[in-house]
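# Report on the structure
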Amino acid sequence: MTTADRLLQLRQQLQKASYAYYVLDAPIMEDSVYDQLYRELQKLEAENPELITPDSPTQRVGEQPASQFSAVTHNIPLYSLENAFNVQELQQWQERWQRIAPTIEKAEYVCELKIDGSAIALTYENGLLVRGVTRGDGTTGEEISQNIKTIRSIPLKLNLDNPPPTVEVRGEAFLPLAEFNRINQEREAQGESLFANPRNAAAGTLRQLDSKIVHQRRLQFFAYTLHLPGQEEQIQSQWQALEYLKKAGFMVNPHCQLCEDLDGVVAYFEDWEGARQRLPYMTDGVVVKINQYPLQSELGFTQKFPRWAIALKYPAEETPT
Ligand SMILES: NC(=O)c1cnc(N)c2cc(Br)sc12
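The text that follows walks through the structure, step by step, so that each part is easy to find. (Residues numbered from 1 in each chain as written. Predicted model: local features only at pLDDT ≥ 70, side-chain atom pairs only at ≥ 80, totals over all residues. Heavy atoms only, no water.)

### Observations concerning the overall build of the protein
If you tally the helices and strands in the protein, you get 10 helices and 11 strands. What you see for the protein is a C-alpha radius of gyration of 21 Å, in line with the 20 Å of a compact globule of 321 residues. Counting only C-alpha atoms, the protein reaches 65 × 50 × 40 Å along its principal axes. Out of the 321 residues belonging to the protein, those deemed buried represent 49%. For the protein, the accessible area works out to roughly 16000 Å², and carbon and sulfur atoms hold 49% of it. Charged side chains of the protein number 31 positive and 43 negative; the gap between the two group centres comes to 3 Å. (Helix = DSSP H or I, 4+ residues; strand = E, 2+ residues; numbered from the N terminus. Rg over C-alpha atoms; globule rule 2.2 N^0.38 Å. Buried < 20%, exposed > 50% of the residue type's maximum accessible area, 1.4 Å probe, protein only. Areas by Shrake-Rupley, 256 points an atom, 1.4 Å probe, with all protein chains shown as cover. Lys, Arg positive; Asp, Glu negative; His and termini not counted. Charge placed at Lys NZ, Arg CZ, Asp CG, Glu CD.)

### Quick look at the sheet that holds strand β2 (residues 83–84)
Taking strand neighbours across the sheet as the criterion, the 5 strands line up as β2-β11-β10-β3-β9 in an open arrangement whose pairing is mixed. At either margin of the open sheet sits one strand with a lone partner, and together these are β2 and β9 (257–259). As defined by bridge partners, strand β3 (residues 109–115) adjoins strand β10 (residues 283–290) across 7 bridges and the pair is classed as antiparallel. Along β10, the bridge assignment pairs Glu112 with Val287. The sheet contacts of helix α8 (residues 238–248) involve β3, β9 and β10, and relative to β3 the element is tilted by about 55°. (Pairing = 2+ DSSP bridges. Contact = heavy atoms within 4.5 Å. Axes fitted to C-alpha atoms, helices over the stretch in contact; angles between N-to-C directions.)

### Focus: helix α1 (residues 3–22)
Here α1 contains 20 residues, and its C-alpha end-to-end distance of 28 Å stays within 8% of the 28 Å for a straight helix at 1.5 Å per residue. Looking only at α1, the buried set comprises Arg6, Leu7, Leu10, Arg11, Leu14, Ala17, Ser18 and Ala20. (Expected span 1.5 Å × (residues − 1).)

### Considering the site of the ligand
With respect to spatial proximity, the complete set of residues near the ligand consists of Tyr79, Leu81, Glu112, Leu113, Lys114, Ile115, Glu172, Tyr224, Val287 and Lys289. Here an oxygen atom of the ligand and a side-chain polar atom of Lys289 are 2.7 Å apart. Protein chains bury 90% of the 360 Å² of accessible surface belonging to the ligand in isolation. With 4 residues, β3 is the single largest residue contributor to the shell around the ligand. (Near = heavy atom within 4 Å. Polar contact = N/O pair within 3.5 Å; in protein donor to acceptor, adjacent residues only side chain to side chain.)

### Some points on the packing of aromatic side chains
We describe a pair of aromatic rings using the distance from one ring centre to the other and the angle between the two ring planes. Taken as a whole and judged by the stated rule, the model has 15 aromatic pairs. With 4.9 Å between their ring centres and 15° between their planes, Phe174 and Phe222 make a pair best called stacked. You can see Phe174 sitting in strand β7 (residues 166–174) and its partner Phe222 sitting in strand β8 (residues 220–227), a full 48 residues away along the chain. On the numbers, 6.3 Å between centres and 45° between planes, the contact of Tyr268 with Trp272 is tilted. With Tyr268 and Trp272 both in helix α9 (residues 262–275) and 4 residues apart, this pair spans about one turn of that helix. For Tyr268, a relative accessible area of 2% gives the class buried. The class of Trp272 is buried, set by a relative accessible area of 15%. Each residue in the set Tyr79, Phe301 and Trp308 is aromatic and connected to the rest through ring pairs, giving one cluster. The ring of Phe195 carries the charged tip of Arg187 above its face, separated from the ring centre by 4.2 Å. (Phe/Tyr/Trp six-rings, centres within 6.5 Å; stacked < 30°, edge-to-face > 60°. Lys NZ or Arg CZ within 6 Å of the ring centre and 35° of its normal.)

Have a look at this one:
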């Protein structure tokens, strides 16, 4: 076996183990075995630097801290959501868009828990992660690619046989509550100011100039939006997009649900009002989207929001410690 073959084999074994551990939460390898393979990969790469590839797990931690982040324009802007604070406002939302498109066929809804984190935009070219950007104002964000690569549930290479030339993914980077509390305890011990909540902690961590600090804080990522520039016809609904994202190797929230009418959405919202307290991460509502992309296109956007989605919010709450 050539060195290049052994390096490929190591990258594949380590990527498979990392996906199982961080995305599926179902380890397939003992930590000691992972560490041994990782050390062999590091040694072979040090001896053959010309054989290092961008999807190697050793590329997740950068060497030097960044001096600053550059402002970049999103290839596709990130939308924000109109809020509904009760079921009546949700029904008014449906009445509004039904007035705009009265001929609209039977809309289905996808319900997705609204994750209390920090939105980021990822760009993959030929299946490789080439850029990670903070949401910013939705049009312009900060380029934080090296920090993004330290998030182990974000694939460095898409798990697709023939990846499209460009894949744009949006999702929420977040800190599980246990990790948020661990970070604050560490900061308290070091006499540093505490993060007020997991959302601020995630946003602050993403904007750390030293990616080693980001690597030490176990950020996670739920993907929820997919764009295939030039191949839009491949995906015809939000539900299909979520399936594609899972197949491509992303962590997608396991509690997403397809609802055939608004009663189903209300039932989902009410079910999760209590159950969400038992989740290991903070949520602040349910994102309700019309599932069918042709209907989304027919409705389009207002100045500020998509007409085909709304955030149904839970009452604000303190961060449990
Ligand atoms: N699943 C989703 O679409 C989702 C989840 N969590 C969030 N904080 C957000 C924000 C926007 Br904007 S969409 C979305």
